[in-house]
Amino acid sequence: MANTNFTDQVNQALTPVGTAERVFSWHDHASLWFSLGVGLLVMQVGAYLVPAVGSRDAAIAIVLGSLLGAGLLAWTAKLGCDSGLSSAGLMHATYGSYFARLPVLLNLAQLIGWTTFELVVMRDGTAAIAQQSLGLSLDGTGGIVVTTLLWGAVLTLLLAGSMTQLVRKVISRVGLPLVIASLLWLTWQFGGQLHSKGLEAFWAREGDGSMGMLSAMDLVIAMPVSWLPLVADYARYGKSGRSALSGTWLGYALANIWCYALGVMVVSVAQPDVNLVSALLLAQGGLIALSLILVDEIDNAYGDVYSGAVSAHSIKSSWTVRQWGLGLALLCTGLALVLPMHSLEPFLLLLSSVFVPLYGVILGRLSGVSMRLQPMQRKVDFSAALLWLAGIAVYHLLAKWAPQWGAALPTLALTFGLAWLTRANVSMNQLGEPA
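K.L.:
Requested: an account of the overall build of the chain, with residues and values cited.
P.N.:
Scanning the chain from terminus to terminus reveals 17 helices and two strands. Counting over 435 residues, the chain shows a buried share of 55%. A fraction of 89% describes how many contacts in the chain between residues 6 or more apart in sequence connect residues 24 or more apart. Between the averaged position of the 21 positive side-chain charges in the chain and that of its 21 negative side-chain charges there is a distance of 12 Å.

So, in structure tokens, the structure goes:
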């Protein structure tokens, strides 16, 4: 890969990217994060909003939650681009070289989980397409093994190449137009069905009260938050922090709003016993559109594994990023064969409870710093560590005792504010010479 050509003695994850390697433009950032924001998983999570909240509340939660979540993602992207550090590097610079291993390992675990989810989704989608188009059943043990190994092989093959070339030449130029075309077609199809059923009735539909507005926003924010520990791994290759921020924000916000809304539309017109993939297939032209989205799903799995490889390399640098990537791809393929993958909502909210306060502290400590960041020499920054752990506790307490207020935004505001107020008292030995 273009970014793994250093010697084994250099920890690439903890070393700022040089100027010559900074090749991502605004278009590259926007294309990458629009593509990563599109997926069947996102539509499925969007379907969870119905019938918990009414259509009007769901729309408000989707737009506001997407803008806020993508804004947080973009803010982190700018920090990664300005510093040239990976996500693991930002954690080291905030929490100390020893303690940072904990969030890095948690990030690695969640990325393995997400990649396994993606492989299962691609496998199940392939089986649905084969059944619909060819009458071929792939639900048996043999079909599951073959389709899982097929997508695992594609993922492994992609990881043998260059990340920056994949983003610039494949995702930006080929993948993006195709996935936009498929989303437009599906929106037209399900929008037409909603219109025939009565848009006024759909818009006036009330929720069952099982989820409040702010709780719904938490669920929407959870998806962009799940990408927080990855974004700097790509943004560090950007030419400027401003383009990284605006491209990431616009690209991801548009994709998140579109896919969440499409999930709500699909579940609102589908029969109660029909799952989301089957409902997409039943739409006119749904087979082609679903196939394109399914192909696009592979870049989500790639993004997870590549970032997981960077995180793993930060801990054991004797293995290159490429070697870690290939190993993780094989591991996730094996897990997809044996692990049951069902409900996503609890998993997403659990991730939010960990990574919202984690990045609240990182952004509070490092944003606006005019010096060049370097990994902290001190092993543990106790104040940052305590703020993070306290933030996790606050998130869960709010979710349990005051769900009507949401948990993500109050926790983010609290951890960011406290980290900002206390950073003047923190030793700045994690910072190098002025840039």
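From this point on, the discussion continues.
K.L.:
Can you lay out the side chain of N11 for me, pointing to particular residues and giving the numbers?
P.N.:
Structurally, N11 can be placed in the segment before helix 1 (26-37). Within polar-contact distance, the side chain of N11 engages the backbone oxygen of S314 at 3.1 Å.

K.L.:
Requested: an account of the confidence of the model for the chain, with residues and values cited.
P.N.:
Residue-level pLDDT values for the chain average 87, and 92% of them are 70 or greater. Least confident of the elements in the chain is strand 2 (residues 431-434), whose mean pLDDT is 40; most confident is helix 11 (residues 241-269), at 96. Across residues 1-8, where pLDDT falls below 50, the model places 23 contacts with residues more than four positions away in sequence or in other chains. Of the regions scoring below 50 in pLDDT, residues 426-435 engages in 28 contacts with residues more than four places distant in sequence or in other chains.

K.L.:
Would you mind going over helix 2 (residues 40-47) in detail, with residue names and values included?
P.N.:
In terms of residue burial, helix 2 counts as a mostly covered element, since seven of its eight residues are buried. Those residues of helix 2 that fall on the buried side of the exposure criterion are L40, L41, V42, M43, V45, G46 and A47.

K.L.:
Before we move on, can you summarise the side chain of S314 with the specific residues and values?
P.N.:
Tracing the sequence through the fold places S314 in helix 13 (residues 286-315). Excluding residues within four positions of it along the chain, S314 makes contact with N11, A13, L14, A88 and V104.

The rules behind these values
- Residues numbered from 1 in each chain as written.
- Predicted model: local features only at pLDDT ≥ 70, side-chain atom pairs only at ≥ 80, totals over all residues.
- Heavy atoms only, no water.
- Helix = DSSP H or I, 4+ residues; strand = E, 2+ residues; numbered from the N terminus.
- Buried < 20%, exposed > 50% of the residue type's maximum accessible area, 1.4 Å probe, protein only.
- Contact = heavy atoms within 4.5 Å.
- Lys, Arg positive; Asp, Glu negative; His and termini not counted.
- Charge placed at Lys NZ, Arg CZ, Asp CG, Glu CD.
- Polar contact = N/O pair within 3.5 Å; in protein donor to acceptor, adjacent residues only side chain to side chain.
- pLDDT = per-residue confidence, 0-100.

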